[in-house]
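# Notes for the structure review
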Amino acid sequence: MDSRKLLYTTALGIVLSTAAITSSVQADTLRFAVGFPSGAPIEAAKKYAEAVKKNTNNEHSVKIYELSLLNHSEMSSGISQGMADLGYLLTAYSPSDYPHSNLGADMSMQTALQNEVLGKEGYAYSGAMLEYIMLNCPECQNEFASNNQVYTSVVSTPAYVMFCNEPVNTVEEINGKRLRISGASWARWAKNFGGSPVALPVTEVYEALEQGVVDCTFLSPTELTNFNLIDVVKNITTDVPGGLYAAGGAATLNRDTWNRFNNEEKEGLLKAGSVMAAYVTFLYQQQAYSDMEKAEKKGINILKAEGDLLEKSREFIKSDLEFIPKFYADEYKIDGSRTRELAANMSKLIEKWNRLVGDIETADQLAKLYWNEVYSKLDPATYGR
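Residues numbered from 1 in each chain as written. Predicted model: local features only at pLDDT ≥ 70, side-chain atom pairs only at ≥ 80, totals over all residues. Heavy atoms only, no water.

The next thing to look at is the overall build of the protein chain. For the protein chain, the helix and strand inventory stands at 15 helices and 11 strands. For 385 residues, the compact-globule estimate of 2.2 N^0.38 gives 21 Å, and the C-alpha radius of gyration of the protein chain, at 23 Å, lies within 12% of that figure. Its C-alpha atoms put the protein chain at 90 × 45 × 40 Å along the principal axes. Within the protein chain, the proportion of its 385 residues that are buried is 55%. When the accessible area of the protein chain is evaluated, it comes to approximately 16,700 Å², of which 50% is carbon and sulfur surface. Taking the average location of the 36 positive side-chain charges in the protein chain and that of its 48 negative ones, the two points are 4 Å from each other. (Helix = DSSP H or I, 4+ residues; strand = E, 2+ residues; numbered from the N terminus. Rg over C-alpha atoms; globule rule 2.2 N^0.38 Å. Buried < 20%, exposed > 50% of the residue type's maximum accessible area, 1.4 Å probe, protein only. Areas by Shrake-Rupley, 256 points an atom, 1.4 Å probe, with all protein chains shown as cover. Lys, Arg positive; Asp, Glu negative; His and termini not counted. Charge placed at Lys NZ, Arg CZ, Asp CG, Glu CD.)

Written as structure tokens, this is what we have:
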């Protein structure tokens with residue numbers, strides 16, 4: 001063999017060996033993109049990583065990329081293209097890609113109509129969304145599949161409250177206010193009371209409140225510390241507008257990555273998904289309690305809505321829940337009879353899960369409940385294919 005042929009053969013061997021090593025590393029270590037620098041999503045992702053390792057007999061591990069690999073607006077395409085093996089996907093950032101999934105998420109203001117799970121609205125809503133997408137909405141599954149993704153987890157924030165510059169807890173005080181909103185349902189709520197809805201990224205809310213660009217914002221209490229709003233918020237009204245953010249797949253896998261695994265490994269990933277769903281939802285609620293205590297100690301004025309506002313808010317929510325399926329049918333050109341059917345089913349699931357979470361006291365209890373009621377009913381051999 002001449003020297004040039006020997007050199008080529010040796011180089012080729014090195015390349016093939018390197019490729020094999022790289023393939024092995026990629027197969028064993030999942031890249032998890034999370035578009036947050038800290039907080040409940042990161043802590044929950046760590047629990048997910050532990051669960052993946054445990055439930056795949058240490059064959060697979062997870063490397064978490066906090067805010068560095070993909071941001072929220074890049075997440076859907078980044079997962080689809082395999083830039084990350086899985087990601088913390090917020091489907092509201094790509095509404096036309098996930099209309100059936102987001103329909104379920106947009107019914108969250110129904111939680112403001114009941115008081116039996118006060119402080120556990122997110123626990124119930126995460127369960128309802130899991131059951132809705134995984135077991136009752138083939139269109140939702142097709143949306144993820146069309147984006148080369150597999151849905152394995154969820155996130156629900158605590159109930160939304162109002163952060164305001166001035167005290168706002170009556171119908172009259174909302175009228176004319178500029179209200180930063182987080183979605184279409186809250187925009188309609190604001191207009192119903194004579195407010196002007198303003199769409200702003202959450203990263204711009206601090207400056208907007210500080211400079212008076214907006215009078216109030218609708219957010220979860222957790223954003224008091226996540227975005228340092230505790231330094232500019234002067235008043236918090238706790239029981240309006242209600243609703244919560246649930247338009248997300250907290251551990252959404254690239255479909256090609258998912259299909260690399262055998263059925264036992266897929267079951268392990270689904271178990272990890274139930275852990276992720278439970279921990280991110282539970283930790284968010286614990287942070288909400290903590291942040292409201294911090295707000296009170298800081299001297300922020302904490303108010304309850306006056307009876308007339310609360311009653312009229314509930315009247316609006318009831319009518320808006322009937323409007324949502326029509327909105328989705330018209331906006332995204334999908335079958336109206338089917339959107340009504342999905343909305344009716346989601347409403348029943350919310351009521352069901354309100355009854356299930358009352359005794360939940362820990363994240364592990366919540367994970368077990370999600371597994372028993374939803375994940376255990378999936379067939380790993382066919383799910384996500």
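From this point, things continue past the structure.
One face of the sheet, then the other: side chains in a regular strand alternate in exactly this way. Because side chains alternate across strand β8 (residues 216-219), one face comprises the buried residues C216 and F218, and the other comprises T217 and L219, equally buried. In terms of strand pairing, strand β5 (residues 161-164) meets β8 through 4 bridges, oriented antiparallel. Counted as the bridge partner of M162 is F218 from β8. By the bridge criterion, 2 bridges tie strand β6 (residues 178-181) to β8 in an arrangement that is parallel. Looking at the pairing, L179 lines up with C216 of β8. (Pairing = 2+ DSSP bridges.)

Spatially, 5 strands are ordered β2-β1-β3-β10-β4 in an open sheet, and the strand pairing comes out mixed. Strands at the two margins of the open sheet, each flanked by one partner only, are β2 (61-66) and β4 (149-150). Alignment of strand β1 (residues 29-34) against β2, held across 6 bridges, turns out to be parallel. Across the sheet, F32 pairs through a bridge with I64, a residue of β2. Against the sheet, helix α2 (residues 40-55) makes contact with β1, β2, β3 (86-90) and β10 (248-254), and its axis sits at roughly 165° relative to β2, the strand it touches most. (Contact = heavy atoms within 4.5 Å. Axes fitted to C-alpha atoms, helices over the stretch in contact; angles between N-to-C directions.)

Inside soluble globular proteins, nonpolar side chains tend to come together where they are buried. Ranked by internal contacts, the top residues of the largest apolar core, which has 108 residues, are F32, Y48 and Y88. Counting 17 residues, the second largest nonpolar core, distinct from the first, contains L229, I230, V233 and I236. (Core = buried A, V, L, I, M, F, W, Y, C linked by side-chain atoms within 4.5 Å.)

Here we come to the sheet that holds strand β7 (residues 196-199). On the basis of which strands lie adjacent, the open sheet formed by 6 strands has the order β7-β6-β8-β5-β9-β11 and mixed pairing. Looking at the sheet topology across the chains shown, the edges are occupied by β7 and β11 (301-303). Along the sheet, successive strands turn relative to each other by an average axial angle of 25°, direction set aside. Where strand β9 (residues 235-237) lies against β11, 3 bridges are found, and the strand directions are parallel. Opposite I236, over in β11, you have I302 as the bridge partner.

This next bit is on the state of the cysteines. The term disulfide refers to a covalent linkage connecting the sulfur atoms of a pair of cysteines. Under the counting rule described, the total for this entry stands at 2 disulfides. There is a disulfide in this structure between C137 and C140, and the S-S distance comes to 2.2 Å. For the disulfide bridge between C137 and C140, the dihedral angle about the S-S bond is near 80°, and by the sign convention the bridge is right-handed. Residues C137 and C140 agree in their burial class; the two are buried. Through a disulfide, C164 is tied to C216; the S-S separation comes to 2.1 Å. Disulfide C164-C216: the torsion about the S-S bond is 110°, which places it as right-handed. Of this pair, C164 sits in strand β5 while C216 sits in strand β8, placing them 52 residues apart in sequence. Each member of the pair, C164 together with C216, is buried. Taken in sequence order, the bonded cysteines of the protein chain link in the pattern 1-2, 3-4. (Disulfide = S-S within 2.5 Å.)

Bringing the environment of L69 into the picture now. Looking at the element boundaries, L69 is found in the loop between β2 and α3 (72-80). Remark: the alpha-carbon pair of L69 and K294, spanning 225 residues in sequence, is separated by 32 Å. Those residues in contact with L69 that lie beyond four places of it in its chain are R31, A33, E74, M83 and A84.

Another point: the pattern of salt bridges. Pairing between side chains of opposite charge can happen when their charged atoms approach one another. A full pass over the atoms with the stated rule returns 13 salt bridges. The closest approach of N and O atoms between K46 and E43, which form a salt bridge, is 3.4 Å. Here K46 and its partner E43 are both found in helix α2, 3 residues apart, which amounts to about one turn of the helix. Residue class for K46 comes out partly exposed when judged on its relative accessible area of 39%. A salt bridge links E361 to K120; the shortest N-O distance between them is 3.6 Å. Taken together, the residues span a long stretch of sequence, with E361 in the loop between α14 (336-356) and α15 (363-373) and K120 in the loop between α4 (99-105) and α5 (121-135) at a distance of 241 residues. (Salt bridge = Lys/Arg side-chain N within 4 Å of Asp/Glu carboxyl O.)

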